[in-house]
Amino acid sequence: MSDLTSVPTRTESRTEKASRPRPRSTKGNRLLPALDRAYYLDPHWLDVDRKAIFERSWLCVTRADALPRPGDFVRTTVGTESVFVVRGRDGEVNAFRNFCRHRGAALCLEPQGSFGKRIRCVYHSWTYGLDGRLVAAPNIHDMPDLVKDDYGLHRLAVEEWLGYVWVNLDADAAPLRDQMLPQLVSRLGNPEIFDRYGIGDLAVGHTITYDVASNWKSVVENFMECYHCTSIHPELTAALPQFRTGYGSISGDSPGATFASSVEGFSLSGKASRPPLPGLLPEDDRLFYGVILRPNAFVILVPDHVAFFRLEPVDVGHTRIVVDWLFDPAEVAKPTFDPSDAVEILDITNKQDFDACERCHLGMRSSAYSGVLVPAEHIITDFYDWYLAAIGQTEEQPAFGAC
Amino acid sequence: MSDLTSVPTRTESRTEKASRPRPRSTKGNRLLPALDRAYYLDPHWLDVDRKAIFERSWLCVTRADALPRPGDFVRTTVGTESVFVVRGRDGEVNAFRNFCRHRGAALCLEPQGSFGKRIRCVYHSWTYGLDGRLVAAPNIHDMPDLVKDDYGLHRLAVEEWLGYVWVNLDADAAPLRDQMLPQLVSRLGNPEIFDRYGIGDLAVGHTITYDVASNWKSVVENFMECYHCTSIHPELTAALPQFRTGYGSISGDSPGATFASSVEGFSLSGKASRPPLPGLLPEDDRLFYGVILRPNAFVILVPDHVAFFRLEPVDVGHTRIVVDWLFDPAEVAKPTFDPSDAVEILDITNKQDFDACERCHLGMRSSAYSGVLVPAEHIITDFYDWYLAAIGQTEEQPAFGAC
Amino acid sequence: MSDLTSVPTRTESRTEKASRPRPRSTKGNRLLPALDRAYYLDPHWLDVDRKAIFERSWLCVTRADALPRPGDFVRTTVGTESVFVVRGRDGEVNAFRNFCRHRGAALCLEPQGSFGKRIRCVYHSWTYGLDGRLVAAPNIHDMPDLVKDDYGLHRLAVEEWLGYVWVNLDADAAPLRDQMLPQLVSRLGNPEIFDRYGIGDLAVGHTITYDVASNWKSVVENFMECYHCTSIHPELTAALPQFRTGYGSISGDSPGATFASSVEGFSLSGKASRPPLPGLLPEDDRLFYGVILRPNAFVILVPDHVAFFRLEPVDVGHTRIVVDWLFDPAEVAKPTFDPSDAVEILDITNKQDFDACERCHLGMRSSAYSGVLVPAEHIITDFYDWYLAAIGQTEEQPAFGAC
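## What to know about the overall build of chain A
And step 1. The secondary structure content of chain A amounts to 11 helices and 18 strands.
And step 2. At 23 Å, chain A has a C-alpha radius of gyration in line with the 22 Å of a compact globule built from 403 residues.
And step 3. Each of the three principal axes of chain A carries a C-alpha extent, and together these read 75 × 55 × 40 Å.
And step 4. With 403 residues in all, chain A has 46% of them scored as buried.
And step 5. In chain A, the share of contacts with a sequence separation of at least 24, taken over all contacts with a separation of at least 6, comes to 63%.

## Quick notes on the pairing of strand 10 (residues 155-161) of chain A
All names here are of chain A.
And step 1. Here strand 5 (residues 93-97) runs beside strand 10; their pairing, made up of two bridges, is antiparallel. Of the residues in strand 10, the one forming a bridge with Ala95 is Leu156.
And step 2. The turn linking strand 10 back onto strand 11 (residues 164-168) is made up of two residues, and Leu162 within it adopts a positive phi angle of 65°.

## Considerations on the relation of the copies chain A and chain C
And step 1. Superposition record for chain A on chain C: RMSD 0.0 Å, screw rotation 120°, translation along axis 0.0 Å. Both copies of the chain, as the preceding transformation shows, are related through a three-fold rotation axis.

## Let's talk about the interface of chain A and chain C
And step 1. Listed as interface residues are 26 residues of chain A and, on the opposing side, 23 residues of chain C.
And step 2. Elements with a minimum of two residues in the side of chain A that touches chain C: helix 7 (229-232) and helix 10 (340-363) of chain A.
And step 3. Considering each element in turn, the side of chain A that touches chain C owes the most residues, five residues, to helix 10 of chain A.
And step 4. Residue composition of the side of chain A that touches chain C, grouped by class: 14 nonpolar, nine polar and three charged.

## Considering the interface of chain A and chain B
Note on interface size: it is often stated as the accessible area lost on association of the parts.
And step 1. In this complex, chain A contributes 23 residues to the contact, which on the side of chain B involves 26 residues.
And step 2. Looking at the side of chain A that touches chain B, its residues break down into 10 nonpolar, eight polar and five charged.

## Some points on the domain arrangement of chain A
Residue and element names in this part refer to chain A.
And step 1. You can read the domains of chain A as domain 1 (4-57 + 176-390) and domain 2 (61-168).
And step 2. If you average the C-alpha positions of domain 1 and of domain 2, the two centres end up 33 Å apart.
And step 3. Each side of the interface is counted separately: domain 1 has 12 residues, and domain 2 has 12 residues.
And step 4. Top element by residues in the side of domain 1 that touches domain 2 is helix 3 (residues 43-54). It accounts for three residues.
And step 5. When grouped by side-chain class, the residues that make up the side of domain 1 that touches domain 2 number six nonpolar, two polar and four charged.

## Overview of the confidence of the model for chain A
All names here are of chain A.
And step 1. For chain A, the average pLDDT comes to 91, and 90% of its residues sit at 70 or higher.
And step 2. Confidence drops under pLDDT 50 across residues 1-25; counting only partners more than four residues distant or on other chains, this segment forms 40 contacts.
And step 3. The complex prediction reports pTM at 0.90, with the ipTM value standing at 0.90.

## Notes on the nonpolar core
And step 1. Val85(A), Val167(A), Val85(B), Val167(B), Val85(C) and Val167(C) are the most contacted members of the largest nonpolar core, which totals 336 residues.
And step 2. With near-sequence residues (within four places) excluded, Val85(A) lies in contact with Val61(A), Thr62(A), Leu67(A), Phe73(A), Val74(A), Val93(A), Asn94(A), Ala95(A), Val158(A), Val165(A) and Val167(A).

## Some thoughts on the packing of helix 6 (residues 216-224) of chain B against helix 11 (residues 380-390) of chain B
Residue and element names in this part refer to chain B.
And step 1. Between helix 6 and helix 11, the least distance of the axes is 9 Å, while the angle of their chain directions is 145°. Within the contact between the two elements, helix 6 uses Lys217, Val220, Glu221 and Met224 and helix 11 uses Ile380, Phe383 and Tyr387.
And step 2. Here the residues of the contact of helix 6 with helix 11 are counted per class, giving five nonpolar, no polar and two charged.

## As for the sheet that holds strand 2 (residues 59-63) of chain A
Backbone-to-backbone hydrogen bonds pair the strands of a sheet. The strands run either parallel or antiparallel.
Residues and elements named next belong to chain A.
And step 1. With respect to topology, seven strands assemble into an open sheet ordered 2-11-10-5-4-3-6, the strand pairing being antiparallel. Edge strands, defined here as strands with exactly one partner in the open sheet, are strand 2 and strand 6 (112-114). On average, each strand axis in the sheet is tilted by 30° relative to the strand beside it, whichever way the strands run.

## Regarding helix 6 of chain B
And step 1. Burial analysis of helix 6 of chain B places seven of its nine residues in the buried class, which makes it a mostly covered element.
And step 2. Among the residues of helix 6 of chain B, Trp216(B), Lys217(B), Ser218(B), Val219(B), Val220(B), Glu221(B) and Asn222(B) are the ones counted as buried.

## Section: the sheet that holds strand 17 (residues 318-327) of chain A
Residue and element names in this part refer to chain A.
And step 1. If you walk across this open sheet you meet the six strands as 12-17-16-15-14-13, and the pairing is antiparallel. Edge positions in the sheet fall to strand 12 (203-212) and strand 13 (257-258), since each of these pairs with one other strand and no more.
And step 2. In the packing of helix 6 (residues 216-224) onto the sheet, contacts are made with strand 12, strand 14 (287-293), strand 15 (297-302), strand 16 (305-315) and strand 17, and the angle to strand 14 comes to roughly 150°.
And step 3. The sheet strands contacting helix 10 are strand 12, strand 16 and strand 17, and the helix crosses strand 12 at an angle near 20°.

## Let's talk about the pairing of strand 5 (residues 93-97) of chain C
Residue and element names in this part refer to chain C.
And step 1. Across the five residues of strand 5, five count as buried, placing the element largely inside the fold.
And step 2. Residues Val93, Ala95 and Arg97 of strand 5 are buried on one face, and the alternating residues Asn94 and Phe96, pointing to the opposite face, are buried as well.
And step 3. Sheet topology note: the strand 4 (residues 81-87)/strand 5 ladder contains five bridges and is antiparallel. Within the sheet, the bridge partner assigned to Phe84 lies in strand 5 and is Phe96.
And step 4. Where strand 4 hands over to strand 5, the hairpin turn is made up of five residues, of which Gly91 adopts a positive phi near 90°.

## Topic: the packing of helix 6 of chain A against helix 10 of chain A
All names here are of chain A.
And step 1. Viewed as axis vectors pointing N to C, helix 6 and helix 10 meet at an angle of 130°, and their least axial separation amounts to 10 Å. What the angle tells us is that helix 6 and helix 10 run oblique. Seen along the crossing, helix 6 lies across helix 10 with a hand that is right-handed. From helix 6, Ser218, Val219 and Asn222 reach across to helix 10, where they touch Asp353, Ala356, Cys357, Cys360 and His361.
And step 2. Looking at the contact of helix 6 with helix 10 residue by residue, the class counts come to four nonpolar, three polar and one charged.

Quick notes on the rules
Residues numbered from 1 in each chain as written. Chains lettered and ligands numbered in written order. Predicted model: local features only at pLDDT ≥ 70, side-chain atom pairs only at ≥ 80, totals over all residues. Helix = DSSP H or I, 4+ residues; strand = E, 2+ residues; numbered from the N terminus. Rg over C-alpha atoms; globule rule 2.2 N^0.38 Å. Buried ≥ 20, exposed ≤ 12 C-beta atoms within 10 Å, placed from the backbone. Contact = placed C-beta atoms within 7 Å. Pairing = 2+ DSSP bridges. Least-squares fit on C-alpha atoms with pLDDT ≥ 70 in both. Nonpolar A, V, L, I, M, F, W, Y, C, P; charged D, E, K, R; others polar. Domains from an automatic or database assignment. pLDDT = per-residue confidence, 0-100. Core = buried A, V, L, I, M, F, W, Y, C linked by C-beta atoms within 7 Å. Axes fitted to C-alpha atoms, helices over the stretch in contact; angles between N-to-C directions. Parallel < 35°, antiparallel > 145°, perpendicular 65-115°, else oblique. Left-handed = near helix turned anticlockwise from the far one by under 90°.

Okay, here's the thing in structure tokens:
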């Protein structure tokens, strides 16, 4: 599915580009109410988020190259479900709920490993193919009820895209592109921009995992607005002076933000340590894009690398975020490869952001809290609208612990 | 009560032996539904288990020889109640809830110790005899309402049997034999088999405590079926080849399983390190019995030793299991006594079992889980029937968190 | 407000002194029922306590000298609310809920520190004066809705008294004296006794923080009764033999208890290490007073020092208690100052008391628990009456988890 974004014709893309949302003029310079704190604090609403969003959406769960050989697996969590993805004998990735159909024993405990040729439950040796079909069980010939086709592993929908494995707990889900393409069009206008970075062909140069004491929605909102940039991001705003306006990328004519004139590359030193990625055009030079692929991925695009975020709600007040820094494989292969300049500026920025999210999580606990969005944050109402629709909630205020 | 099993006449015993249950022919080779996962995962149902079973049954709580002298106590938990057993001045063991009748202070905090001649609450010095009667309190002569007989400690029913102390939170409970004898008869046919091991006269040679991240019911079920034996117990099935059928002891004519012909004793090496227990008959030689004494004890009988399990639910997903290896005291007294051959084979087997229970506890968390029992596991339905009757539940599926 | 207790005329005080409660003759020598265990164990009732008592009362939150300069703050918790107190530019202390009015970020994370001249939210730089008024925000001139007066920090009522800062979450609360004076009158008869110790002018010589695994109400009750003194306080009763009666200070004609004849001062050695506090009269010599300032402060008065307790419920079964030992500043300033004799006797006594509270918290967990108050403890019913009225509860027994 590496061509997800290449399907629309250029004409369509251009039309869609024209409709890229701007700060909503109808809301002008009003203060708008922030979402009720219950959605961030009450475990009830995390249950709702998991069931309505994380268990019904395509989620990014692992690098595809974490599964190089048939039988290799990665175990993860989708909503409240333990699942695993496993490379099949045909080279395709499969995804299953992590329990045996007999008595429920978990099939893998380690975060990553190999099943070998078959998936054998250690408890009673019910044995499944890498495609999830039941292939053997002790005494099976004495059990006419045990029809193999009825007892295969519970399958998830799975696709590979951008070098990552994406799963959907709903095995009959519409394709990943139906979820992602509208987001790319809405954000970038022309999704071909996204394609040019060739993310699926890049290699991981560095990875950092962040554990943030905040609800996952605060992390998304933080990524959407730049009103905070001047306050907490001196390094970022030195590289991207447009971010000092408070409006981030959404304030200009282009969906991307332009580097400061003194800056060669998106790095802490401001220097460019490597050439642009192979597929880029001259018009992509010196631009920074931040793209959200709801519900659980963010992508940052700069000329010489890509940063890929995937997040997972751990509990109502904790979110795990894994960030991969992706580079041209030819660069990563060099003995002199050093990603630290690219890593440092974003790692500093991430820590500034996540500290702010944690402060909001603490402050929202006050029964007197009700926040406001300033005009530069109006774009967050797009997220509210999406979120409330996804959980089937009108915009009325929820009661704590209510459904 | 060491003669609990000797009461029925031989005639009665033989009759009962004839009715020992076999794999239920009426269920044939069908797959049967496993119990709903809510009973294993939802804290509500542990509360129910505690109130309906653990607070209304005879439970094994400690070795009797842990209380050698008057005043010696062992503190433990029955359901959700902190209780202690204490050796009285008359040599009998008493059992009480662990709080002072005045303001509720816990009377003992340590797991084991001595009260001395009286049980004195440290807070205000209300003082009780080792029989639980209030005998003194400061200013008591100025308080006509403080009638000593009204303020004795809350008593539990208590009996000694098999060298263990058994208590029942219901002080007026029917005798322990009413709970245990039917189980022995049902399992062994002739309960005299059990008597011949003289368990009450044996001495502890070794003890291991296991903390298992699983509901207590999974541990019981694991002990009941042998469909898993070939998968996870290579050492056990080498000693007891009959267990490779998947049916364990229930598959043969005898209630016991016979050692492999190459095996002298139930040990990791297969060698016999000591003579049979004194009371055994030639017909007991080379046999292995596993006996469940619901709700919280298991016994394994082999010619030269006995293993005694007692279990306690710690929370809905944790169970503590203490296993004593019991030997002829004359053997334990020898300077050369070494129980390791007997300990090792069962300790290995226990760890294999408890790992499997923990995997089921993890896998059952999936909302898609619903297990099945194969014919070799049909005997577990006896446990389901007992359990559902004990908690007053019909076989309909429970809702999570419902009563 | 250092003159809180000096307002009533002497005549009024004497009248009130005459009505100081004695052990209630109408209850005579009866046993009275203790408060239901649910109030101590069920998290529901801690929520009620917090909302009905801790969020509606004046609470002692910190030493005033912890805030020497404008901008200095101390962060604390009132009920479930994170708040901070901060010294203003005018030298007065202000108190606010700890969140920014924009998106809710906590304004301070450290337990103590300095904001400098202004309180700046780190997230988006909304900036408040030390008086809580909004003074600046990025882009504020483009936001006509952002009327500064509407977006000041949420203020608490605050007063300084006895050298401590007291706050009330209700910004419109009646003054602190309305809460405290009746308690002083009720306890001491003549509140001028209290004034003579000049507590507001004393200096801290030592501080100990205790974490007690008990509900906060058990700590208050323990402080009220002395039926336990003979049992657990050998050092205290050696100094104050009157406490051996079980009635503590309430048994004599004076509201204070008199030192043993062999004792010079309230210290572990019995020696007096320093002169009486400056304002005391000869009639105050050799007396010990314990005074409760509900809901969260206790004071112990002895001739040469004062011990000041403030407590905070951490959860339903945990209470944090900070005890300051206060001395004449001239003594504390001496190079030879050594508070250990005064600290030791009370620290030993505190540990004895808190151990007893923890034992009650454990023992009350029994479903069979229902405690009784003996005549020497009847004074605790005053606390029950106050408590049940404060939470709007009749004296009927509560159900666990009910409102």
